[in-house]
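Observations on the three-dimensional arrangement
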Amino acid sequence: MSASLVPDPGLRTESAGRVLLGGQPFRGLRLSATGAKKVRSWFAGDARPVGEEETALAHRLVAGGLAHPRPDPASLRCHVVIPFHGSIDELRATLAALEQANPASITVVDDGSEPPIPHLDHIEVLRHEHPEGPGAARNTGWRHVVGTRPDAEAILFLDGGVIAHTGSWIEHLGGHLTDADVAAVAPRVSSSPGASVIEQYETLFSPLDLGPAPSLVGPGQVVTYVPTACLMVRVADIVAADGFDASLRYGEDVDLIWRLSKDRQVRYDPSVVVHHGPRKSLRAFASQRFHYATAAAPLDRRHPASSTPWKSSLVGVAGVALITTGRPLTGGLVGLGPVTLLSNQLKQTATPTATSTRLLAAAHRWALRSFAESVGRSWCGIAAAIAVVPGCRTRTVGWMVAGWMRRVATTRSPRLLALGIVDDTSYGAGALVGAVRSRSLHSLLPSISRWG
């Protein structure tokens, strides 16, 4: 593996580094004394995996989400595809920033803009006479590249308005594709800063910004999807997947990522940061959240249970039920019930019972917080209807407010918190409308497992 390794932020170590706990799904890995020494040296940046045995161990850590690679930059024959339907000024800013990155080629697909895109020097422009949607525009772009440039190694999908401020960012992303297991990689998409309330809010809570921690990507991972506002895909993999599902007006990027991640790795690398401008008006802001959420139902048909609003164990359900029925202390403590079970599962790794207890307590707190977030966001339309029923108002509204207030840990600004409620309620309305349109509420149902 020609990459350095960094530990996952959630990784825990026991027994002087010989036991590693973490990953998605959660697991315990016991190492030999020699293996533990090697891993410590990798994480400290003093060495890299070499040889067959070390490479196998490194791949095991990466595949389990216990560690993440930091590969060397690689110069691939990478071709940029930009779907376009919007502001020509945003497009020009993106193209100007790309001059430093020096990709193999740039193809802009004009998706029925009026007036059409004018001539652009050194840029190939394709055109749909009528708008067909971003998925169709990206398909037109990558198929044209593959058909005219048989030596292409990677396609970089980039939205107009996305700007990177470093010249070597494409090479940094390309380094991930030197690993044959990786189909695609995405950088962190940060919102462009500004003085307006929406710009301040998006800097903290943009749906495109997936945070500072690296991750594997896919259902069940910490990072479940990455947006195609900026996504590099290996040519062989985009061909095998046959690109985007153009019938999806929203969620086509999530669908592609989930299809790619079934058999291959998709990685999120926040060490590379690009910027994207937020919506300019409150109406556009709310409309974006609404339309994003309408994709949940179509995605659920294609990927059952992957877009569920809340994943929990029976213990988490019991905790929610006890708190809702007025027994918060019992509901908070019920998560410690399976301590013996987890201790037995981790016995082979010599994990102390105290550690098992802390892990279970953290998982239970997360289950309760995520339930509150779901009530205040994905289920807020249903919760609002339940709240009018006598005897249900106080507890239902309590869960909604708890979900809305999750942002208090990041900001205390009343204006930003109020905009967060607009964000959540717009998303919840979209999720409900999408379910009604699809004539199925399955996308709104929780996913409950026996033990989590």
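Our subject in this report is the structure included herewith.

Rules of the game
- Each chain has its residues counted from 1, running along the sequence as written.
- Where totals are concerned, whole chains, interfaces and linings use all residues; where local detail is concerned, this predicted model gives features only for residues with pLDDT of at least 70, and gives and counts side-chain atom pairs only at 80 or more.
- With hydrogens and water set aside, each side-chain value is computed from the structure's full complement of heavy atoms.
- Buried means the residue's accessible area, taken with a 1.4 Å probe over protein chains only, is under 20% of the maximum for its type, while exposed means over 50%, and partly exposed covers the values in between.
- Going along the chain from the N terminus, every DSSP run of H or I of four or more residues is numbered as a helix, and every run of E of two or more is numbered as a strand.
- By definition, two strands form a pair when at least two bridges between them are found by DSSP.
- We call Phe, Tyr and Trp rings a pair once their centres come within 6.5 Å, taking the six-membered ring for Trp, and we label the pair stacked below 30 degrees between planes, edge-to-face above 60, and tilted otherwise.
- Two conditions define a charge sitting above a ring: the NZ of Lys or the CZ of Arg must be within 6 Å of the ring centre, and it must be within 35 degrees of the ring normal.
- Convention adopted: a line fitted to C-alpha atoms gives each axis, helices being fitted over their contacting stretch, and angles between N-to-C directions are expressed from 0 to 180 degrees.
- We define the nonpolar core as a collection of buried residues of types Ala, Val, Leu, Ile, Met, Phe, Trp, Tyr and Cys that are connected through side-chain atoms lying within 4.5 Å of one another.
- The criterion used for residue contact is that any of the two residues' heavy atoms lie within 4.5 Å.
- Residues are said to line a cavity or pocket when one of their atoms sits within 4 Å of a point; the points come from a 1 Å grid over protein atoms alone, cavities being sets where a 1.4 Å probe fits but cannot get out and pockets being open sets with protein on both sides within 12 Å along at least five of seven lines.
- Grid points are joined across faces, edges and corners, and a volume is the space filled by probe spheres set on the points.

1. Here's the deal with the pairing of strand β13 (residues 230–234)
Remember that side chains alternate between the two faces of the sheet whenever the strand is regular. Summarising burial for β13: 5 of the 5 residues are buried, a large majority. In β13, alternate side chains face the same way, and those of Cys 230, Met 232 and Arg 234 on one face and Leu 231 and Val 233 on the other are all buried. Across 5 bridges, strand β9 (residues 154–158) lies against β13 in antiparallel orientation. Across the sheet, residue Ile 155 finds its bridge partner in β13, namely Val 233. Inspection of the sheet shows strand β11 (residues 182–191) paired to β13 by 2 bridges, in the antiparallel sense.

2. Observations regarding the packing of aromatic side chains
In the structure shown here, the tally under the stated rule is 6 aromatic pairs. Considering the side-chain rings of Tyr 201 and Phe 205, the 5.0 Å spacing of their centres and the 50 degrees angle between planes classify their relative orientation as tilted. With a gap of 4 residues between them, Tyr 201 and Phe 205 both fall in helix α6 (residues 197–205), about one helical turn apart. What makes Phe 205 buried here is its relative accessible area of 17%. Three or more aromatic residues joined by ring pairs make a cluster, and in this case those are Trp 310, Phe 371, Trp 379 and Trp 399. Residue placement shows Arg 249 over the ring face of Tyr 250; its charged tip is 4.8 Å from the ring centre. Just above the ring of Phe 205 sits the side chain of Arg 407; from NZ or CZ to the centre is 5.6 Å.

3. A few points about the sheet that holds strand β4 (residues 27–30)
The sheet built from 3 strands is open, its strands ordered β2-β3-β4 with antiparallel pairing. Strand pairing shows two members of the sheet lacking a second neighbour, β2 (12–14) and β4, which therefore form its edges. Geometrically, the sheet is characterised by an average inter-axis angle of 20 degrees between neighbouring strands, direction not taken into account. Across 4 bridges, the pairing between strand β3 (residues 19–22) and β4 is antiparallel. For Val 19, the partnering residue across the bridge sits in β4 and is Arg 30.

4. Here's the deal with unusual backbone geometry
With an omega of 0 degrees, the peptide bond between Glu 114 and Pro 115 qualifies as cis. Its identity is not glycine, yet Ala 16 carries a phi of approximately 55 degrees, on the positive side. Checked against the element boundaries, Ala 16 lands in the loop between β2 and β3. With relative accessibility at 68%, the residue Ala 16 sits in the exposed group. One non-glycine residue, Asn 102, lies in positive phi territory at about 55 degrees. Mapped onto the elements of the fold, Asn 102 is located in the loop between α3 (88–101) and β7 (105–111).

5. Describing the nonpolar core
In this structure, Ile 82, Leu 98, Trp 169 and Met 232 are the most contacted members of the largest nonpolar core, which totals 31 residues. Of all the secondary-structure elements, those providing two or more residues to this core are β6 (78–84), α3, β7, β9, α5 (169–174), β11, β13 and β14 (265–276). Apart from the residues within four sequence positions on either side, Trp 169 is in contact with Leu 98, Ala 101, Leu 156, Leu 158, Ala 164, Cys 230, Val 272 and Val 274.

6. Things to note about the side chain of Asp 159
Note that Asp 159 resides in the loop between β9 and β10 (162–163). Here Asp 159 falls in the buried class, since its relative accessible area comes to 18%. If we skip the residues at most four places from it in the chain, Asp 159 touches Ile 82, Pro 83, Thr 94, Arg 138, Thr 228, Ala 229 and His 276.

7. A closer look at empty space enclosed by the protein
Regions of empty space are outlined by a rolling probe, equal in size to a water molecule, passed over the atoms. Under the definition given, this model contains 2 cavities of 30 Å³ or more. Each pocket or cavity is described by its volume, and for the largest cavity that value is around 70 Å³. Lining the largest cavity are Val 189, Ser 190, Ser 191, Glu 202, Ser 206, Pro 207, Leu 208, His 276, Gly 277, Pro 278, Arg 279 and Gln 288. The dominant element in the lining of the largest cavity, judged by the number of residues it contributes, is β11, at 3 residues. Size it by volume and the second largest cavity reaches roughly 40 Å³. In terms of lining residues, the second largest cavity is bounded by Thr 94, Ala 97, Leu 98, Leu 158, Val 162, Ile 163, Ala 164 and Trp 169. Elements represented by at least two residues in the lining of the second largest cavity include exactly α3 and β10. No other element matches the 3 residues that α3 contributes to the lining of the second largest cavity.

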